Number of protein chains: 2
Amino acid sequence: MYKVYEIKQRVFADNDREAEKVREELKKEKTFLLNLMSSPGSGKTTVLGRTISRLKEDLKIGVMEADIDSAVDADTISRTGVKVIQLHTGGMCHLDADMTRQGLQELGTEDVDLAILENVGNLVCPAEFDTGAVKNAMILSVPEGDDKPLKYPLMFKVCHCLLINKTDVLPYFDFDIDACIERALRLNPEMKIIPVSAKTGEGMEEWYRWLREQTEQWIGKKENL
Amino acid sequence: MYKVYEIKQRVFADNDREAEKVREELKKEKTFLLNLMSSPGSGKTTVLGRTISRLKEDLKIGVMEADIDSAVDADTISRTGVKVIQLHTGGMCHLDADMTRQGLQELGTEDVDLAILENVGNLVCPAEFDTGAVKNAMILSVPEGDDKPLKYPLMFKVCHCLLINKTDVLPYFDFDIDACIERALRLNPEMKIIPVSAKTGEGMEEWYRWLREQTEQWIGKKENL
């Protein structure tokens, strides 16, 4: 079961300041928020489904699914048994900090260690708005091509972690993974880059480890971690 | 060789009226404008390259490549020998009618039968702005998933033609092509839907035929068509 929430749009003079407030609130609540971004169809929901299955015994997880107007993803994620809400952006192509704050309020963070925001499928606009998340991660899938860092540089600059997904289909695409990694690192030398296949599970352990470490650094060590 | 053009942003009270003006101008100039949209990495540039090679003997073609700030695609397309300019949107996630008008002016339409605008890779924002194009086409590639009509309905509603691209990798993905077509037609019963592989060329003849017919209906029959 999940709730559908229609986000009210408000214009904030200073989205960055609002984002800082969201982070302060998260710190107080001991909730880590990950903002997950990508193109449509890169596998965000599949990555998320696997991640929840792997981590839900150790961390209390809550998910916010942002979408223009369907509830396809919330439907899928709700089957994992974690708390999930659907955010309808009313045609908006991204989430800003105020929208995220509304979503967090609706989700309820008091019993959530790890909150994940699945942003609108879009490599452009979501990169321009700090949502207030503690860390940003993005997924680039093999079929999209190794030139994407050249074409959507801001997205690669603002993300702390890049998953190169669908490595299982590498044999069928002209995708130069070394070139892709080099291009991403040129934009963002600190970026953590993990090639994965969310379908077969290959590489996913490193991702779970990264996410768990980031969460733990933010909320403090949990006994069961 | 191609020019890079930095688009000036202007706010138009009525983008739809501006779009109508662009179309009137195109009609006078006997230039057909196609607005080509899709997610990042769905194969717009590959489709375009093949289309140009196939049609450039029959039609005088001009291309406008819209991108946030690279010139990767203009570089590729310029090798086909047709007139191409790069439009930099300055971070904007879409083109509106005024931006398109600026682009057409820069491209020069007096000797162009078929102008193609490769819009910013994005399934959300470009759908919301009438560019002034005579027809809209979109590409959905197999790796993106058959649920995209459910998640980005407006894009499917505003397009006259849908290419389902990368059919050569259908065996490696869970993509239900019949379900996808049914979902698209439910949103837009008039939509022309053509499954293609721009890589192998499969299905592309039907697309060339559609594009040639649309152009001819707009500019009048050419002797060599």
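For the structure itself, look to the data block above.
Computed from a predicted structure; not experimentally measured.

(A) The pattern of salt bridges, seen in detail. Residues and elements named next belong to chain B. Inspection of every chain in the model, using the stated rule, returns 32 salt bridges over all chains. In this structure, the salt-bridge partner of R23 is D130, at a minimum N-O distance of 2.8 Å. Taken as a pair, R23 in helix α1 (residues 15-29) and D130 in the loop between β5 (114-118) and β6 (135-141) lie far apart in primary sequence, 107 residues in all. Overall, R23 belongs to the buried group, its relative accessible area being 13%.

(B) Examining the relation of the copies chain B and chain A more closely. Superposition of chain B onto chain A requires a rotation of 180 degrees combined with a translation of 0.0 Å along the rotation axis, giving an RMSD of 0.0 Å. Look at the turn and shift together and you get a two-fold axis relating the two. Judged by C-alpha distance, N122 of chain B is the residue of chain B that lies nearest the rotation axis, at 3.0 Å. Here 94% of the contact residues of chain B are again contact residues in chain A; the copies associate through an equivalent surface.

(C) Layout of the interface of chain B and chain A. Contact with chain B, which involves 34 residues of that partner, is made by 32 residues of chain A. Buried surface at the junction of chain B and chain A, summed over both partners, amounts to about 2500 Å²; 58% is from carbon and sulfur atoms. It is P40, K151 and Y172 of chain B in chain B that bury the most area against chain A; as a group they hold 23% of the surface buried on that side. Applying the counting criterion to the chain B and chain A interface returns two salt bridges. Between K151 of chain B and D73 of chain A there is a salt bridge, with the nearest N and O atoms lying 2.7 Å from each other.

(D) Just the state of the cysteines, in detail. Applying the stated rule across the entire model yields zero disulfides over all chains. The thiol sulfur of C93 of chain A is not disulfide-bonded, and the nearest other cysteine sulfur, from C125 of chain B, lies at 3.2 Å. The exposure class of C93 of chain A is buried, given its relative accessible area of 10%.

(E) Broad picture of the packing of α1 of chain B against helix α4 (residues 97-107) of chain B. Residue and element names in this part refer to chain B. Running from N to C, α1 and α4 point in directions that differ by 25 degrees, and their axes come no closer than 8 Å. Judged on the interaxial angle alone, α4 and α1 are roughly parallel. On α4, the residues touching N15, E18, A19, V22 and L26 of α1 are A97, D98, R101 and L104. In the contact of α1 with α4, the residues fall into five nonpolar, one polar and three charged.

Rules and cut-offs
- Residues numbered from 1 in each chain as written.
- Chains lettered and ligands numbered in written order.
- Predicted model: local features only at pLDDT ≥ 70, side-chain atom pairs only at ≥ 80, totals over all residues.
- Heavy atoms only, no water.
- Salt bridge = Lys/Arg side-chain N within 4 Å of Asp/Glu carboxyl O.
- Helix = DSSP H or I, 4+ residues; strand = E, 2+ residues; numbered from the N terminus.
- Buried < 20%, exposed > 50% of the residue type's maximum accessible area, 1.4 Å probe, protein only.
- Least-squares fit on C-alpha atoms with pLDDT ≥ 70 in both.
- Contact = heavy atoms within 4.5 Å.
- Buried area = accessible area lost by both parts, 1.4 Å probe.
- Disulfide = S-S within 2.5 Å.
- Axes fitted to C-alpha atoms, helices over the stretch in contact; angles between N-to-C directions.
- Parallel < 35°, antiparallel > 145°, perpendicular 65-115°, else oblique.
- Nonpolar A, V, L, I, M, F, W, Y, C, P; charged D, E, K, R; others polar.

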